[in-house]
Amino acid sequence: MNPLDHAISRRKFLSNSSKAGLAVGLVGSGILTACSNSASGADKAILATSFTQTPLAYDYSALAPNIDAMTMEIHYTKHAAGYAKNLGAAIEEESVDTNKPLEDVLANISKYSTKMRNNGGGHYNHELFWKIMSPEGGGMPQGDLAEAINSSFGSFDAFSEEFNNAAKTRFGSGWAWLVVGADKKLAVGSTANQDNPLMDISEFKGTPLLGLDVWEHAYYLNYQNRRPDYVSAFWDIIDWNMVSDRFAAASM
Ligand SMILES: [Fe+2]
């Protein structure tokens, strides 16, 4: 993606994310306070997730053939919409302050219900998933993220092999992740069901930069039982500009 396209993509994302509302939540939670004097402080907002579904930045068919249009439509309008709807019910039932980002709830998920865990996780994971894919994706990361991958894994190939293994070997339903940890190191891992590395109950922790849905609903229509083929196809639609922006924000 060229720099102009990237800028347009970023504007679309920030618009879709109700930037102002999220920024209020971030300041309230203290996430933005630490970088409020930074010229790039607004970038921190990309790490905050609202409690409702944001529109896709591309058509259902845009990621084909890697992910087919019918899978995208059912995935977004049925599965992901279901998590968002059930999360809406859970936050009412458990009196969640929605001025704060969803990340605050996930970091304290042990204090909430199983309904909140499954649907809050499901909503967060899918919101991230849509945003780190692009029809102009693929290739390799550049700059600071590329350096961090080399530093943490030895090489991009070593990183991709570790990520592929995490995605292929996650038993049953779950997610594979690239995260940046509290020590600022990158790490790869996976979580079951709709859990994620932000949750206080998760054994694998960090700020997600990249997540891959390996539930069968994410690939079965096109790939049937061939999860490895779906995992391989994912690399051609990763939006490394978005992943790099998340890394920069998480590194502030
Ligand atoms: Fe999914």
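In what follows, the structure referred to is the one given above.
Here is what the cut-offs are and how they apply
- Residues numbered from 1 in each chain as written.
- Predicted model: local features only at pLDDT ≥ 70, side-chain atom pairs only at ≥ 80, totals over all residues.
- Heavy atoms only, no water.
- Helix = DSSP H or I, 4+ residues; strand = E, 2+ residues; numbered from the N terminus.
- Buried < 20%, exposed > 50% of the residue type's maximum accessible area, 1.4 Å probe, protein only.
- Areas by Shrake-Rupley, 256 points an atom, 1.4 Å probe, with all protein chains shown as cover.
- Donors = N, O, S within 2.8 Å, 3.2 Å for Na, K, Ca; no water.
- Tetrahedral: all angles 85-135°; square planar, octahedral: opposite > 155°, others 65-115°.
- Axes fitted to C-alpha atoms, helices over the stretch in contact; angles between N-to-C directions.
- Parallel < 35°, antiparallel > 145°, perpendicular 65-115°, else oblique.
- Left-handed = near helix turned anticlockwise from the far one by under 90°.
- Nonpolar A, V, L, I, M, F, W, Y, C, P; charged D, E, K, R; others polar.

1. Describing the overall build of the protein
(1) Moving on: Along its length, the protein carries 10 helices and three strands.
(2) Moving on: The order of α-helices and β-strands along the protein, N terminus first, is α-α-α-α-α-α-α-β-β-β-α-α-α.
(3) Moving on: Here the protein holds 252 residues, and 49% of them are scored as buried.
(4) Moving on: When the accessible surface of the protein is totalled, it reaches about 11400 Å², and 51% of it is carbon and sulfur.

2. What about the coordination of the iron ion?
Expected angles at a metal are 109.5 degrees for tetrahedral coordination by four donors and either 90 or 180 degrees for octahedral coordination by six donors.
(1) Moving on: Distances from the iron ion to its protein donors, namely His-75 (NE2), His-126 (NE2), Asp-213 (OD) and His-217 (NE2), fall within the range 1.9 to 2.1 Å.
(2) Moving on: Each of the four donor atoms around the iron ion contributes to a set of angles spanning 92 to 136°, which defines the coordination as irregular.
(3) Moving on: Binding-site remark: the iron ion is held by donors from one chain whose sequence spacing is H-x50-H-x86-D-x3-H. Taken together, the residues His-75 in helix H3 (residues 69-93) and His-126 in helix H5 (residues 114-131) connect sequence positions 51 residues apart. Here the two residues His-75 and His-126 agree in accessibility, since each one is buried.

3. Regarding the packing of H3 against H5
(1) Moving on: Between H3 and H5, whose axes approach to 8 Å, the crossing angle comes to 140°. Of the possible angle classes, the one that applies to H3 and H5 is oblique. The handedness of the crossing between H3 and H5 is left-handed.
(2) Moving on: Here the residues of the contact of H3 with H5 sort into 12 nonpolar, nine polar and two charged.

Shape descriptors only; they carry no functional weight alone.
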